[in-house]
Amino acid sequence: ATLAAAMRDMAVAAADRVPCTNWPGARMYRYRNRLYAEPEASCAARLREGEWPQGLSFDLGELGTLELVPATGKGLDRARLPEVLSVTTRVEGEQFVPAGKTHGRPLRKWLQESGVLPWRRSQLPVLRSAGEIVAVGDLACAAAYAARPGEASLVVAWRGRPQLTEA
C-alpha cells in the first residue's frame, strides 16, 4: 500500500516538481523523471560549517571530509588561495562565476543546470574567502581562483560524499 501511494504521488506531481515520499527510515524522490530512494539519515544530514586552514582536512560531520590535494594546472591556484577558507552552505541570491566562464550566474541556477539533486543543495559545502565563493564542494571552482595550466594547484577532494548529481 505504501509503495502504491508513493508511486501515485510521484506520477501525479507536475513535471517541474520534486515530490518526496517518506517511509520509515527512507525517502523517495522523483527528479527529472528518475526515482531516487535514500536512507532518511543521509537526506537529513546537516553540513558542519567553520574555518578550514590549508594543510588540514575539514570534517563535514555526517557528510564526510574535505581535503586539498596537490595538483598542477587544475583546481585552485595555490598562489591565490588564502591560508584559511570558510566552509558554509549556500546563500540565497548569490552569484557564481565558475572556472572557464566570464559572467556570473545565480548559484541556484548553476546548481540546477549542473543537475545537483534538489534535496542535496542545502548539504553542499561552499568554500569562501572574505565572503566570496572559492569553490562549490568538489564540483567546481570559481574563475577568480582557478589554476592555469602548469600552475601549482590544489584540488578539492570530498571523501565520503553522498550522491550529488544525476550522473
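Each remark here, short or long, concerns the structure printed above.
Remember, predicted model here, so these are calculated numbers, not experimental data. (Residues numbered from 1 in each chain as written. Predicted model: local features only at pLDDT ≥ 70, side-chain atom pairs only at ≥ 80, totals over all residues. Heavy atoms only, no water.)

> Kindly report on a nonpolar patch on the surface, identifying the contributing residues and their values.
Where nonpolar side chains cluster on the molecular surface, the patch consists of Leu3, Met7 and Leu35 and spans about 270 Å² of accessible area. Among the secondary structure elements, Leu3 is positioned in helix 1 (residues 2-12). Residue class for Leu3 comes out partly exposed when judged on its relative accessible area of 49%. (Patch = residues over 30% accessible without salt bridge, like charges linked within 9 Å, V, L, I, M, F, W, Y side chains within 5 Å. Areas by Shrake-Rupley, 256 points an atom, 1.4 Å probe, with all protein chains shown as cover. Salt bridge = Lys/Arg side-chain N within 4 Å of Asp/Glu carboxyl O. Helix = DSSP H or I, 4+ residues; strand = E, 2+ residues; numbered from the N terminus. Buried < 20%, exposed > 50% of the residue type's maximum accessible area, 1.4 Å probe, protein only.)

> Describe the pattern of salt bridges, listing the residues and the values that go with them.
For the coordinates displayed, the defined rule picks out 12 salt bridges. With a shortest N-O distance of 2.7 Å, Glu166 and Arg32 are connected by a salt bridge. With Glu166 in the segment after strand 14 (152-159) and Arg32 in the loop between strand 2 (26-31) and strand 3 (34-39), the pair connects residues that are 134 residues apart, well separated along the chain. Of the residues examined, Glu166 reaches a relative accessible area of 22% and is grouped as partly exposed. In this structure, Glu67 engages Arg159 in a salt bridge whose closest nitrogen and oxygen atoms are separated by 3.3 Å. Taken together, the positions of Glu67 in strand 6 (residues 65-72) and Arg159 in strand 14 put the pair 92 residues apart, joining distant regions of the chain. In this structure Glu67 comes out as partly exposed when scored by relative accessible area, which is 28%. You can call Arg159 partly exposed: its relative accessible area is 42%. Shared partners join several salt bridges into a network, and the residues in it are Asp77, Arg80, Arg148 and Glu151.

> Describe the environment of Trp119, and please don't skip the residues or the numbers.
Along the chain, Trp119 falls in the loop between helix 3 (107-113) and strand 11 (126-129). For Trp119, a relative accessible area of 9% puts it in the buried group. Considered as a pair, Trp119 and Cys20 are 99 residues apart in the sequence and their alpha carbons are 9.5 Å apart. Those residues in contact with Trp119, other than ones at most four positions away along the chain, are Val18, Tyr29, Tyr31, Tyr36, Glu38 and Cys43. Separated by 3.2 Å, the side chains of Trp119 and Glu38 make a polar contact. (Contact = heavy atoms within 4.5 Å. Polar contact = N/O pair within 3.5 Å; in protein donor to acceptor, adjacent residues only side chain to side chain.)

> Now, about the pairing of strand 1 (residues 20-23): what can you tell me, with residues and values included?
As paired elements, strand 1 and strand 2 share four bridges and run antiparallel to each other. Paired with Cys20 across the strands is Tyr29, a residue of strand 2. The loop that links strand 1 with its antiparallel partner strand 2 comprises two residues; one of these, Gly25, has a positive phi angle of about 85°. (Pairing = 2+ DSSP bridges.)

> Got a sec to walk through the side chain of Thr165? Specific residues and values, please.
Here Thr165 shows up in the segment after strand 14. Discounting residues that sit within four places of it in the chain, Thr165 has contacts with Ser114, Gly115, Val116 and Leu117.

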